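# Chain and residue survey
Each chain, written out:
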Amino acid sequence: MYNFLKQLIGITSVSGREAELLEKIRTLVSPYVDECSFDNLGNLMALKKGTDENAKNIMLCAHADEIGFMATYIEDNGYVRIAPIGGINFVSAAYSKVVFENGTKGVIVPESKCSDGKKADNYYVDIGADTKKSAEKKIKVGDVAVCEASVDKLMGKRIVGRPLDDRIGCAVLFDIARNLTESKNNVWFVFSTQEEVGCRGAKTAANKIVPDYALVFDVTGTGDTIGASPMAVKLGEGAAVKIKDASVICDHETVETLIELAKANKIPYQCEILTYGGTDTSSIQVSGIGARAAALSIPSRYIHSSVEMVDLKDAEACRDLALAFINNN
Ligand SMILES: [Zn+2]
């Protein structure tokens, strides 16, 4: 899983600009599936066909996009104004290095007299230019940037960097595809677009697939850091079976099945109730005539910062539980 992540982490994939990353994933995943296609929103949909005549459709989904910035205006002195794409944590973004898609580097800084520092309006990117004209040689309005990507190993199987949200989910999907030998049902591996701006890609992908069941793989928060809100999810304690978040109540029967399968197969798991946020699960659940949607979350500390931390043991548990679920259906 770590090797897969390493290959993907440096490819910028801000919401709406996922094509390069998805092309790379297509190359890596295609040996393990029967066909790959893209839809009009850019979602990558890889299908492993089921052996049953009346095969059901199981949709597995992880988002390929990441949060970032878009250049909105270039000041006379060459500073680049930006708009956030997705839920930027400006406390974390302040004073970090950013990279534009064309490789131009800069730093994101708050205005000197900035008092609250929470709004994008208070920030600008300094690319080292001294005039608007020289800045425009490198950057134009509409260009996107991200905080520098990285991934490093820490103690045990813990890793840190960005954007682990949701490259780690993509890695889980890839590992499922690699380890799935045969299934009665059609298994769709969807690497979705534009999750960070409102779970948009998963909507059209689900409308196309019309899944009977869906499992979403994304990061979730933990309650195990100093000052964290009480939450029964800890790093390293297993796959987080989502029961609900602010945007979805997962299909109760599927949740119960997942918990039973975890117990029967001795796969470490924990129950997730996230009091904020949402994932593609909500979009898929209400697509078409509705799908039985649930989620296996990968616990993560410091989400949407440059030091997102996950434990690969949890990601492996998500993979194992998903494989048990597919084989059970
Ligand atoms: Zn995410």
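First, a word on scope: everything that follows refers to the structure included in this document.

Reading guide: rules and limits
- Residues numbered from 1 in each chain as written.
- Predicted model: local features only at pLDDT ≥ 70, side-chain atom pairs only at ≥ 80, totals over all residues.
- Heavy atoms only, no water.
- Helix = DSSP H or I, 4+ residues; strand = E, 2+ residues; numbered from the N terminus.
- Rg over C-alpha atoms; globule rule 2.2 N^0.38 Å.
- Buried < 20%, exposed > 50% of the residue type's maximum accessible area, 1.4 Å probe, protein only.
- Contact = heavy atoms within 4.5 Å.
- Areas by Shrake-Rupley, 256 points an atom, 1.4 Å probe, with all protein chains shown as cover.
- Lys, Arg positive; Asp, Glu negative; His and termini not counted.
- Charge placed at Lys NZ, Arg CZ, Asp CG, Glu CD.
- Polar contact = N/O pair within 3.5 Å; in protein donor to acceptor, adjacent residues only side chain to side chain.
- Pairing = 2+ DSSP bridges.
- Axes fitted to C-alpha atoms, helices over the stretch in contact; angles between N-to-C directions.

### Considering the overall build of the protein
Across its full length, the protein carries nine helices and 18 strands. In terms of overall size, the protein behaves like a compact globule, its C-alpha atoms giving a radius of gyration of 20 Å where 329 residues would be expected to give roughly 20 Å. Evaluated residue by residue, the protein yields a buried proportion of 56% over its 329 residues. The long-range share in the protein, meaning contacts at least 24 apart out of those at least 6 apart in sequence, stands at 73%. When the accessible surface of the protein is summed, it comes to about 14,400 Å², and 49% of that surface belongs to carbon and sulfur atoms. Here the protein contributes 37 positively and 44 negatively charged side chains, and the mean placements of these two sets differ by 3 Å.

### Considering the side chain of Thr279
As for its placement among the helices and strands, Thr279 is situated in the loop between strand E16 (269-273) and helix H8 (280-285). Judged by relative accessible area, Thr279 falls into the buried class, the value being 5%. Within polar-contact distance, the side chain of Thr279 engages the side chain of Thr281 at 2.5 Å. Setting aside residues up to four positions removed in sequence, Thr279 forms contacts with Glu195, Cys199, Val216, Asp218, Lys242, Asp245 and Ser247.

### Side note on the sheet that holds strand E11 (residues 158-162)
Ordered by their spatial adjacency, three strands build an open sheet running E10-E11-E18, and the pairing between neighbours is antiparallel. Of all strands in the sheet, those bounded by a partner on one side alone are strand E10 (150-153) and strand E18 (308-311). Ignoring which end each strand starts from, the neighbouring axes of this sheet average 20 degrees apart. Two elements, E11 and E18, share four bridges in a ladder whose sense is antiparallel. Within the sheet, the bridge partner assigned to Gly161 lies in E18 and is Glu308.

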